[in-house]
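What follows is the residue order along each chain.
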Amino acid sequence: MTVIVEDPMSPDVEGDLVERSALVPSLFPHMPPTLYFSTSNERVELLPSEQRKLLKWKITTVTPNVVKNTISRSHFKATKKSHDWLGCWGHHMKSPGFKAIREYQKLNHFPGSFQIGRKDRLWRNLSNMQARFGRREFGFFPRSFILPQDIKLLRKAWEDGSSKQKWIVKPPASARGIGIQVIHKWNQMPRKRPLLVQKYLHKPYLISGNKFDLRIYVYVTSYDPLRVYIFNDGLVRFASCKYSPSMKTLSNKFMHLTNYSVNKKNSEYQSNSDDKACQGHKWALKALWQYLGSQGINTTLIWEKIKDMVIKTIIASDPYVNSLVKMHVSSPYSCHELFGFDIMLDENLKPWVLEVNISPSLHSNTPLDVSIKGQMIRDLLNLAGFVLPLREDIAPSSSTASSLCGVAREKWRSVISVDEKVKRAFYLSQHLRDQDFFATVLDVLTPDDVRVLAESEDELSRKGDFERVFPSHNSSRYLRFFEQPRYLNILLNQWEQRYWLTRSKGISLLKDLCEKKVHLGNLADSVHHWSSKSYRGHRSDTHSLTSSRCQLSRSGVMVSQRSDAEDDDWSDHEVQSVSASLPDLSLLSTVCLSPNPSSSLASDSLPRHDDLCA
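Calculation rules
Residues numbered from 1 in each chain as written. Predicted model: local features only at pLDDT ≥ 70, side-chain atom pairs only at ≥ 80, totals over all residues. Heavy atoms only, no water. Salt bridge = Lys/Arg side-chain N within 4 Å of Asp/Glu carboxyl O. Helix = DSSP H or I, 4+ residues; strand = E, 2+ residues; numbered from the N terminus. Buried < 20%, exposed > 50% of the residue type's maximum accessible area, 1.4 Å probe, protein only. Arc of directions from axis to C-beta. Contact = heavy atoms within 4.5 Å. Expected span 1.5 Å × (residues − 1). Polar contact = N/O pair within 3.5 Å; in protein donor to acceptor, adjacent residues only side chain to side chain. Pairing = 2+ DSSP bridges. pLDDT = per-residue confidence, 0-100. Core = buried A, V, L, I, M, F, W, Y, C linked by side-chain atoms within 4.5 Å.

Caption draft 1: Spatial organisation of the pattern of salt bridges. Evaluated as defined, the whole model comprises 36 salt bridges. Close ionic contact of arginine 237 with aspartate 342 constitutes a salt bridge, the shortest N to O distance being 3.1 Å. Linking arginine 237 in strand β16 (residues 235–238) with aspartate 342 in strand β19 (residues 337–345), this pair joins segments that are 105 residues apart in sequence. Here aspartate 342 falls in the buried class, since its relative accessible area comes to 5%. Connected through salt bridges with shared partners, the residues Arg227, Arg424, Asp448, Arg451, Glu455 and Glu459 form a single ionic network.

Caption draft 2: Representation of helix α6 (residues 151–160) in the model. Every buried residue of α6 is accounted for by Leu154, Ala157 and Trp158. Within α6, the buried residues cover an arc of 100° as seen down the axis, which keeps them to one side. In α6, those exposed residues whose orientation departs by more than 90 degrees from the buried face are Lys152, Leu153, Lys156, Glu159 and Asp160. On the buried face of α6, the contacting elements are β10 (144–147), β11 (167–170), β12 (181–183) and β13 (195–199).

Caption draft 3: Fine view of helix α10 (residues 299–316). Here α10 contains 18 residues, and its C-alpha end-to-end distance of 26 Å stays within 8% of the 26 Å for a straight helix at 1.5 Å per residue. In terms of burial, α10 is a largely internal element, 14 of the 18 residues being buried. Between a side-chain oxygen at the N-terminus of α10 and the backbone nitrogen of threonine 300 the separation is 3.2 Å; the capping residue is asparagine 298.

Caption draft 4: Region of interest: the side chain of asparagine 272. Inspection of the secondary structure puts asparagine 272 in the loop between α8 (260–263) and β17 (277–278). For asparagine 272, the side chain forms a polar contact with the main-chain oxygen of glutamine 279, separated by 3.2 Å. In terms of polar contacts, asparagine 272 uses its side chain to reach the backbone carbonyl oxygen of lysine 282, at 2.9 Å. Residues contacting asparagine 272, with those up to four places away along its chain left out, are Ala277, Gln279, Gly280, Lys282, Trp283, Thr366 and Leu368.

Caption draft 5: Structural detail: the sheet that holds strand β6 (residues 56–58). Strand order in the open sheet formed by 4 strands is β7-β6-β8-β9, with parallel pairing between adjacent strands. Among the strands making up the open sheet, the edge pair consists of β7 (77–79) and β9 (106–107). The pairing of strand β8 (residues 87–88) with β9 spans 2 bridges and is classified as parallel. Bridged to cysteine 88 within β9 is leucine 107.

Caption draft 6: Layout of the confidence of the model for the protein. Here the protein averages 82 in pLDDT, and 79% of its residues register 70 or above. For residues 536–614, every residue scores under 50 in pLDDT, and the model assigns this stretch 177 contacts once sequence neighbours within four places are set aside.

Caption draft 7: Up close: the nonpolar core. Counting residues in each nonpolar core, the largest one holds 108 residues, and the members touching the most others are Leu35, Leu214, Ile216, Leu288, Ile306, Ile314 and Phe339. Considering every element that reaches this core, the biggest residue donor is α10, with 9 residues. Sequence-distant contacts of phenylalanine 339, that is, excluding residues within four places in its chain, are made with Ser113, Ile116, Ile216, Tyr217, Val218, Val220, Tyr223, Ile314, Val356, Asn357, Ile358 and Pro360. With 30 residues, the next largest nonpolar core counts Val422, Leu445, Leu488 and Leu510 among its residues.

So this is what it looks like as structure tokens:
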């Protein structure tokens with residue numbers, strides 16, 4: 001199995017390392033810069049000593065070397081005991097533990113992500129989505145049962161199947177292939193522990209007779225608004241014995257399992273150090289695409305299907321994660337997460353989701369691992385957008401503040417005004433999903449709209465070799481899969497539809513607004529008051545008003561003239577009264593004036609308490 005794939009030569013790096021600034025400036029005025037994470041061929045300049053003291057990274061027992069190496073190049077100091085760290089790559093923890101994370105800190109997990117990270121929860125949530133939207137949209141995972149509760153359903157499915165059926169048995173929270181077995185007899189079924197039992201994909205696509213799976217790296221920077229990225233490279237992991245469908249081979253883990261941690265123990269395992277070569281039992285994903293392309297296979301179609309599955313799977317976790325973020329996280333800035341999707345191709349090249357890992361292995365044992373994981377982590381940390389906090393945020397008694405990050409606080413402290421809440425309530429209350437109507441969400445950009453859009457454009461400009469798959473210009477089809485509509489998803493979706501072909505035009509607009517400090521709440525220009533527009537039914541008729549008050553009814557929003565002498569601000573009580581007239585939303589009555597900049601107005605349908613406990 002040795003096929004060398006030709007790839008364009010990368011330019012050799014010669015001479016001294018390239019000097020890079022420690023801070024990446026924002027695309028927009030009055031937005032904070034972010035810390036730069038370099039490649040091994042670059043040297044990051046030193047910050048002034050006062051700012052350098054802030055560069056602390058909390059090291060845990062699971063912080064991988066590839067992360068340690070990347071942060072050290074940006075002059076972070078590793079710490080185990082300090083509480084004023086900026087970043088941490090650690091274990092997932094129970095949801096209440098997120099309360100201890102300060103507003104300027106970032107942890108590499110979201111509360112509730114185990115809802116797709118545990119095998120049993122992943123199947124339950126995808127099954128619920130399949131029941132709501134059908135197999136055509138959610139038919140990309142094997143039929144599964146959770147034992148012991150589904151034992152009767154499994155028995156019936158077993159009896160209805162053929163005598164040659166195969167099932168794969170997995171502990172719901174295990175990793176690295178531990179406890180997994182393939183069975184074909186009912187008396188082989190363990191019954192004394194929680195298990196996930198799945199229909200075995202017995203006709204996989206083979207290369208040189210070997211079964212393989214794909215490790216796809218998916219990065220979520222935010223759940224509200226949802227922003228999902230996929231790394232354009234990954235790993236292809238082969239079983240180290242040629243595949244046979246014979247029942248007699250089911251106990252051979254080197255044939256039926258693709259986990260590296262399993263197959264490396266086989267004396268016949270062949271390593272591969274070249275990220276451009278199709279040889280050995282581990283390839284780069286890009287090498288696989290070139291190999292399949294050389295066989296006349298449309299790899300673009302496969303990749304699009306994989307992206308579709310990824311988006312839908314992440315959406316399945318949305319109600320849980322967003323509810324827990326609101327309950328336990330002081331700022332959405334503080335959470336981001338890397339997921340490892342395990343995908344298998346069947347004989348028809350249909351991709352299937354096998355499982356999702358919330359702590360994918362980042363061990364780099366070979367040059368191939370270092371090449372892919374090293375670049376991925378470097379790009380991920382740049383995407384994360386680490387911001388230097390104000391000194392007083394870390395030590396409130398300190399009078400010394402950093403001039404380099406004077407606007408950093410706006411990154412995680414933003415008050416949503418009454419006007420913005422009413423705008424959100426209006427767009428979330430509409431039953432008809434008319435695109436022309438939703439496009440009007442961009443007609444009046446409020447301060448928080450501008451901040452979120454600028455933040456999203458800044459983030460996209462730092463994507464490296466990641467590709468943003470949600471939102472995108474064609475992501476509107478996914479909005480119906482959310483259990484609860486979210487205003488910021490509508491906003492970003494409409495922004496992408498309008499500016500994806502003319503992104504520079506959209507960026508120029510945001511630059512002008514940020515120059516005026518609209519995103520910081522400067523409303524000297526009343527055009528950014530949503531209430532200065534008039535909306536009736538599902539059409540927007542815009543006319544200039546000196547000042548206005550929205551009166552919401554079941555049929556839409558009516559805007560009435562008000563005198564300049566009237567107070568421009570609404571009380572919380574008035575907002576709650578307005579929201580009571582919206583048939584779909586109990587939104588404003590349950591959301592306080594929170595400093596949380598990304599809090600959705602929509603009150604989520606909270607999952608059961610046992611589902612939320614991580």
